[in-house]
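Summary of the model geometry
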Amino acid sequence: MATTGLAAETRACIRILGVPIDCVTMDQTLAKLETFLAADQPRLVVTADATAIVIAHEDAGFRQLIESADLVTPDGIGVLWAAKRRGCMLTERVSGVDIVDRVCQLSADRGFRIYLLGAGQGVAELAAEKLRLKYPGCNIVGTRNGYFPSESDEVVAREIAVFRPDVLFVAMGMPRQEQFIRSTEHLIGAKVAIGVGGSFDVYSGKTKRAPQTFQKLRLEWLWRLMLNPSKISKVKMLPKFVMLVLREKH
Ligand code: UDP
């Protein structure tokens, strides 16, 4: 395990298939986010699951983007397994869905401003309604769907900037969401931007979260596959991930 970064922001990182992953729990992630919120520069947080790591392993551009992130959380049982092989013992995954939940809870106490960008028409708004009900006082200041061409990124960024968000959640799938964040952060001015994949679909109720039994058995991927067989191409990445990690030299 390597320790990198400035003294004020020491990071305990490992590399899986050449991709940096921070050895953090959910509580440590939230503590980091609070430091980011207290500072005045845009930060990118990536939630890296096995698929993201395989994509980054094969795509130098995406790997660079992750390399430049301020925090890369271990998302998924496959990543926890691979991290353990590198000496990083983690007991929990830090997923986009869970980060959205915890940050909204924090916002209800502290009042910082959250913007939800991504998913189909009306989904982010519905997710915002549900989150406001769950955490009264949670300060979601705006929402927008994630279906627009990348040529419109700057226009969309300027629309979002009007809402002066502190935290920007972007749910547009990888690597599109991270590319949007990095290329527009200077225009939006949020202190933290986090790519959160299919999270708004979950909070809006469009996608049902796996029942507790599946979560406990760490079989959420199987549940998602049962509900949406088109996810098979993503699930097929898992054996590839395992094979590449087993072949990787320590
Ligand atoms: N999405 C979007 N814009 C696009 C493509 C996808 O907003 O151009 C949304 C999509 O509706 C979904 C989310 O991005 O809500 C990504 O979902 P996916 O399940 O692919 O993400 P994962 O969590 O698997 O990375």
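The preceding data block contains the structure.
Small disclaimer: the values here were computed from a predicted structure and weren't measured. (Residues numbered from 1 in each chain as written. Predicted model: local features only at pLDDT ≥ 70, side-chain atom pairs only at ≥ 80, totals over all residues. Heavy atoms only, no water.)

1. A few points about the overall build of the chain
Counting its regular elements, the chain contains 13 helices and 9 strands. For 250 residues, the compact-globule estimate of 2.2 N^0.38 gives 18 Å, and the chain sits close to it at 17 Å. In terms of principal-axis extent, the alpha carbons of the chain reach across some 50 × 45 × 35 Å. Within the chain, counting contacts between residues at least 6 apart in sequence, those at least 24 apart form 74% of the total. Distance between charge centres in the chain, computed from 33 positive and 27 negative side chains, equals 6 Å. (Helix = DSSP H or I, 4+ residues; strand = E, 2+ residues; numbered from the N terminus. Rg over C-alpha atoms; globule rule 2.2 N^0.38 Å. Contact = heavy atoms within 4.5 Å. Lys, Arg positive; Asp, Glu negative; His and termini not counted. Charge placed at Lys NZ, Arg CZ, Asp CG, Glu CD.)

2. So, the site of the ligand
Lining the immediate environment of the ligand, one finds 13 residues, of which Gly146, Tyr147, Asp201, Lys231 and Lys234 sit closest. A distance of 2.9 Å separates an oxygen atom of the ligand from a polar atom in the backbone of Ala119. Contacts to the ligand include Gly146, whose backbone N or O atom sits 2.8 Å from a nitrogen atom. If the ligand stood free it would expose 550 Å²; the protein chains cover 70% of that surface. Across the shell around the ligand, the residue classes break down as 4 nonpolar, 6 polar and 3 charged. (Near = heavy atom within 4 Å. Polar contact = N/O pair within 3.5 Å; in protein donor to acceptor, adjacent residues only side chain to side chain. Areas by Shrake-Rupley, 256 points an atom, 1.4 Å probe, with all protein chains shown as cover. Nonpolar A, V, L, I, M, F, W, Y, C, P; charged D, E, K, R; others polar.)

3. Here we look at helix H7 (residues 153-161)
Three or more residues of H7 are buried, namely Asp153, Val156, Ala157 and Ile160. Angular distribution of buried residues about the axis of H7 spans 100 degrees; they occupy a single face of the element. Looking at the buried residues of H7, the elements they touch are strand E6 (114-118), strand E7 (140-144), strand E8 (167-171) and helix H8 (176-188). (Buried < 20%, exposed > 50% of the residue type's maximum accessible area, 1.4 Å probe, protein only. Arc of directions from axis to C-beta.)

4. Digging into the state of the cysteines
Under the criterion given, the structure shown has 1 disulfide. Two residues, Cys23 and Cys88, share a disulfide whose sulfurs are 2.2 Å apart. In this pair, Cys23 sits in the loop between strand E3 (19-22) and helix H1 (26-38) while Cys88 sits in the loop between helix H4 (77-85) and helix H5 (96-110), placing the two residues 65 residues apart along the sequence. With relative accessibility at 13%, the residue Cys23 sits in the buried group. Residue Cys13 stays outside any disulfide, its sulfur separated by 7.3 Å from that of Cys23, the closest cysteine. With a relative accessible area of 9%, Cys13 lands in the buried category. In this structure Cys104 is a free cysteine whose sulfur lies 3.9 Å from that of Cys138, the closest cysteine sulfur available. (Disulfide = S-S within 2.5 Å.)

5. Brief notes about the environment of Gln215
Within the fold, Gln215 resides in helix H10 (residues 212-216). For the pair Gln215 and Gly205, spaced 10 residues apart in sequence, the C-alpha to C-alpha distance is 17 Å. Beyond its immediate sequence surroundings of up to four residues, Gln215 is in contact with Arg209, Ala210 and Glu220.

6. Considerations on unusual backbone geometry
The amide bond that connects Met174 to the next residue, Pro175, takes the cis arrangement and shows omega of 0 degrees. Tracing the sequence through the fold places Pro175 in the loop between E8 and H8. At Ala119, a residue that is not glycine, the phi angle is positive and equals roughly 70 degrees. Tracing the chain through its elements places Ala119 in the loop between E6 and helix H6 (123-134). Judged by relative accessible area, Ala119 falls into the buried class, the value being 9%. We note that Arg164 has phi near 45 degrees; this positive angle belongs to a residue other than glycine. In this structure, Arg164 sits in the loop between H7 and E8.

7. Notes on the side chain of Thr184
Secondary-structure assignment places Thr184 in helix H8. Since its relative accessible area comes to 2%, Thr184 is described here as buried. When residues no more than four places from it in sequence are discounted, the contact partners of Thr184 are Asp153 and Ala157.

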